[in-house]
Amino acid sequence: MEPRKGRRLALFPLPLQGHINPMLQLASILHSKGFSITIIHTNFNSPNPSNYPHFTFHFINENLSECEATTTDIFALLKLLTIRCVEPFRECLSKVLSDMSEEPIACLISDAVFPFTQAVADSLKVPRMVLRTGGASSFLVMAAFPFLRQRGYFPIQDSKLEEPVAELVPLKVKDLPVINTSEPESFHQVVDGMVNGTKASSGVIWNTFEDLEQPAIAALRHQFSIPIFPIGPFHKCYSSSSSSLFTEDRSSISWLDKRAPKSVIYVSFGSIAAINETEFLEIAWGLANSKQHFLLVVRPGLVLGTEWLEPLPNGFIENLDGRGHIVKWAPQTEVLVHSACGAFWTHNGWNSTLESICEGVPMICMPCFTDQKVNARYVSDVWRVGLQLEKGLKRGEIERTIRSLMVEKEGEEIRHRVLQLKDKANMCLRQDGTSCQSLESLVTHILSLE
Ligand code: UDP
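How each quantity is defined
Residues numbered from 1 in each chain as written. Predicted model: local features only at pLDDT ≥ 70, side-chain atom pairs only at ≥ 80, totals over all residues. Heavy atoms only, no water. UniProt positions renumbered as here; feature names shortened; annotations may be inferred. Helix = DSSP H or I, 4+ residues; strand = E, 2+ residues; numbered from the N terminus. Near = heavy atom within 4 Å. Polar contact = N/O pair within 3.5 Å; in protein donor to acceptor, adjacent residues only side chain to side chain. Areas by Shrake-Rupley, 256 points an atom, 1.4 Å probe, with all protein chains shown as cover. Expected span 1.5 Å × (residues − 1). Buried < 20%, exposed > 50% of the residue type's maximum accessible area, 1.4 Å probe, protein only. Core = buried A, V, L, I, M, F, W, Y, C linked by side-chain atoms within 4.5 Å. Contact = heavy atoms within 4.5 Å.

The chain appears in an unreviewed UniProt entry as UDPGT domain-containing protein from Cephalotus follicularis. Quoted verbatim from the Sequence similarities (unreviewed entry) field of UniProt, the annotation for the chain is "Belongs to the UDP-glycosyltransferase family."

Undergrad: Account for the environment of Ser123, naming residues and giving values.
TA: With respect to the secondary-structure elements, Ser123 resides in helix H3 (residues 116-123). For the pair Ser123 and Arg90, spaced 33 residues apart in sequence, the C-alpha to C-alpha distance is 9.2 Å.

Undergrad: Go over the site of the ligand, please, and point to the residues and values.
TA: Around the ligand, a shell composed of 17 residues is seen, among which Ser271, Ala330, Asn351, Ser352 and Glu355 lie nearest. At 2.8 Å from an oxygen atom of the ligand is found a side-chain nitrogen or oxygen belonging to Asn351. Here an oxygen atom of the ligand and a side-chain polar atom of Glu355 are 2.7 Å apart. Summarising the interface, the protein chains cover 94% of the accessible area of the ligand, which totals 540 Å² for the free molecule. Mapped onto the shell around the ligand, the elements with two or more residues apiece are helix H1 (17-32), strand E8 (264-268) and helix H11 (350-358).

Undergrad: Can you tell me about H1, naming the residues and giving the values?
TA: Its 16 residues give H1 an end-to-end C-alpha distance of 23 Å, which sits within 8% of 22 Å, the value for a rise of 1.5 Å per residue. Most of H1 sits inside the fold, with 15 of its 16 residues counted as buried. Directly after H1, the chain includes Gly34, whose backbone phi takes a positive value near 105°.

Undergrad: Lay out the nonpolar core with the relevant residues and their values.
TA: Ranked by size, the top nonpolar core spans 94 residues in total, and within it Phe89, Leu148, Tyr266 and Trp383 carry the most contacts. Examining the composition of this core, we find that 10 residues originate from one element, helix H2 (residues 74-98), more than from any other. Beyond its immediate sequence surroundings of up to four residues, Trp383 is in contact with Leu212, Glu213, Trp350, Thr353, Ile357, Asn375, Tyr378, Arg417 and Leu421. Leu296, Ile326, Leu387 and Met406 belong to the second largest nonpolar core, which has 32 residues in total.

As structure tokens, this is what we get:
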């Protein structure tokens, strides 16, 4: 812990698990660097402040009704939050800025997906920095949307899904970071807003590291005239479990304790992704038929139109002879670090992707929407630390892919590569490492922002 700097930072996360975790990890990192921390948070999805006794929390009322406060249509939720948060956020930030009993605020750090905070910060004359919780490579693709529109890539045509995007090697058309929505134009406006809001900020903080995304980081430095600070992986400095919005099932760990090293495939699709019942059954049968041990997270809401496991046929779990364990939410970073964990079947949210790389765990990729598609392509084709389920969710394909990764030579080579990346992640956090040095530059930059 460094001496106090007499400066406070106001942090405002997007209230979704994959955004809250890195924002609170960043808060802990900057607190350790001597800054005092104020977290501004919506009432919706609020983390437990008592887990952070050294931070000051302010809650704003975004007034979501019970049926609005759901992640089933994530794009609709995002648009609603953006509209409902503006005024309560402005009032709250204004109060925080004028509170003379606290240290002066050096800057606001808000999520890239909340670009309206730039105008609020400008009007209150406080600098805003951005936290981008996704990777740099996927952000670069989003920054290229206007160009891709000109080149006719949008709207995406089903007949072209397997074609390469020549301007963005090695992406295919199906990897472009979009979401299924009835309002594609509105989605493009949101992406453009995020990119332009980031460009207008006083700098961007990235939960990534140079050795992982050097070409994208260099391209962003070239394209953006603002400073860029890749200081990740955050979770290797501070754990995220205290910001979990779901109850972690500890039986995940006691079950893993009884399994042989590298024998278990961990399966989780994060906090938002959803699948249908047919897909769920293919996943379940693919896992069962692979004859490998598996720890499967079925978050309530993951399988559309179901309560939890009722689509599974009677006797499915009993017939596994103890090879499978199913929970509603797992302590993921602890699972990935466990010696029994041999692979991670993931939706490639950026946190999950990074957490897997940092523990040297090879992946099976099943991206669902937006940046997950780009992350998955980088995992399978650039870093070559995972296999992507390219041909849809079919039990035979799933079984083959699991076996390739867990028991075949291909899997051994992939494991070797991901262990090399893990070493690089560890190196960048050492005192002379790139992330550590970038963090020092970030601290100097924040102190210069008056
Ligand atoms: N996570 C967890 N337990 C689970 C599934 C996910 O703790 O069973 C955590 C995971 O470690 C990660 C976050 O939830 O930090 C999910 O973020 P990610 O960006 O991977 O995906 P999202 O939920 O945003 O789609």
